[in-house]
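Structural overview
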Amino acid sequence: MKVDPGTLDWKDAYKLLIGSVLPRPIAFVSTVDRDGHCNLAPFSFFTGICANPMMVCFAPMIRGTDGKKKDTLSNIEATKQFVINIVGEKIAAKMNDCAIEYPPEVDEFVQTGLTKIPCEFVKPPRVKECDVHLECTLHEIVTFGDHPGAGSLVIGRVVYLHVLDELFENGKINSEKLRPIGRMAGQTYTRAVSDTFELERKKQPGK
Ligand SMILES: Cc1cc2nc3c(=O)[nH]c(=O)nc-3n(C[C@H](O)[C@H](O)[C@H](O)COP(=O)(O)O)c2cc1C
């Protein structure tokens, strides 16, 4: 099969994209609006960019149901701050419940019973049930249209990082204890630590 994605309906193009780029880590993003209402939603178009400065990015698409911006994006545009909470297997179901398209004033923390804890530098709360939190300030939003199927890349600078003490070992995060999950296509997820293997990183001979 060979195809120019521009010739496809966006939903068909989306299926090919999420079937190609996987498994994807999940940014569980907490934000607040100008009035302080909290919002929490998962985004699997998510990755790190670089370590110094520590930069991350994720991509909220335009909502397919009504063609509007997702609450997360509107809140970040308004307040320039967000928190990426890293999703462990233990809260997978609650994370999924936060993907329900509630109106902006509905607080997904309250809906799911997840616990808010304060950040050091940014206003959005962290999710207590997550073991790693990245406090971020907005660097830039790159927008690729405003129609269903389009989306934006939100680039953030990590201004503070929290790792649960039990997971922090010799300067590293113990992924066996973190038990992160990844998103595959559709409604399928993968356990990131159940089937791992090692490959030694090689150097150019003689160097
Ligand atoms: C695991 C998972 C990953 C998701 N990843 C994305 C994503 O990368 N981009 C996106 O636009 N929506 C994604 N969604 C859907 C959003 O979470 C959903 O539209 C949510 O209602 C957005 O909430 P908000 O309007 O409060 O920001 C994902 C949903 C799930 C369950």
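A brief structural summary. (Residues numbered from 1 in each chain as written. Predicted model: local features only at pLDDT ≥ 70, side-chain atom pairs only at ≥ 80, totals over all residues. Heavy atoms only, no water.)

Looking at the site of the ligand
For clarity, the threshold we go by: Summary of the distance rule: residues count as near a molecule or strand when at least one heavy atom falls within 4 Å of that molecule or strand. Note on areas: Shrake-Rupley with a 1.4 Å probe; residue coverage comes only from the protein chains shown. Counting from the N terminus, the helices are DSSP H or I runs at least four residues long and the strands are E runs at least two residues long. Asp, Glu, Lys and Arg are counted as charged, while Ala, Val, Leu, Ile, Met, Phe, Trp, Tyr, Cys and Pro are counted as nonpolar; the rest, among them Gly, fall into the polar class.
Neighbouring residues of the ligand: 22 residues in total, closest Pro-42, Ser-44, Met-61, Lys-70 and Thr-72. Computed on the free molecule, the ligand has an accessible area of 650 Å², of which 93% lies beneath the protein chains in the complex. Those elements that place two or more of their residues in the shell around the ligand are β3 (38-43), α2 (71-79) and α3 (92-97). Here the shell around the ligand gets 4 residues from one element, more than from any other, and that element is β3. Residues belonging to the shell around the ligand are distributed by class as follows: 12 nonpolar, 4 polar and 6 charged.

Quick word on the pairing of strand β9 (residues 132-143)
Successive residues of a regular strand alternate their side chains across the two faces of the sheet. Defined as follows: Each pair of strands is called paired provided DSSP finds at least two bridges between the two strands.
Where strand β6 (residues 81-86) lies against β9, 5 bridges are found, and the strand directions are antiparallel. Note that in β9 the partner of Phe-82 across the bridge is Cys-136. In this sheet, strand β10 (residues 152-163) lies alongside β9 in antiparallel orientation, the contact comprising 11 bridges. In the strand pairing of β10, Thr-143 is matched with Ser-152.

Comments concerning the pairing of strand β5 (residues 54-58)
To keep things clear, this is the line we draw: Classification of residues uses two cut-offs on accessible area relative to the type maximum, computed with a 1.4 Å probe and protein chains only: under 20% is buried, over 50% is exposed, and between them is partly exposed.
Counting buried positions along β5 yields 4 of 5 residues, so the element is predominantly enclosed. By the bridge criterion, 5 bridges tie strand β4 (residues 46-51) to β5 in an arrangement that is antiparallel. Looking at β5, one finds that Thr-47 is bridged to Cys-57. Remark: 2 residues form the turn of the hairpin made by β4 and β5, two consecutive strands paired antiparallel. Where β5 lies against β10, 4 bridges are found, and the strand directions are antiparallel. Across the sheet, residue Met-55 finds its bridge partner in β10, namely Arg-157.

Regarding α2
Think of an α-helix as 3.6 residues a turn; residues three or four steps apart then line up on the same face. In plain terms, the rule: Contact definition: two residues touch when any of their heavy atoms are within 4.5 Å.
Buried within α2 we find Asp-71, Thr-72, Leu-73, Asn-75 and Ile-76. Summarising the contacts, the buried residues of α2 are in contact with β2 (27-32), β3, β5, β6, β9 and β10. Trailing α2 by a residue or two, Lys-80 shows a phi angle of about 65°, which is positive.

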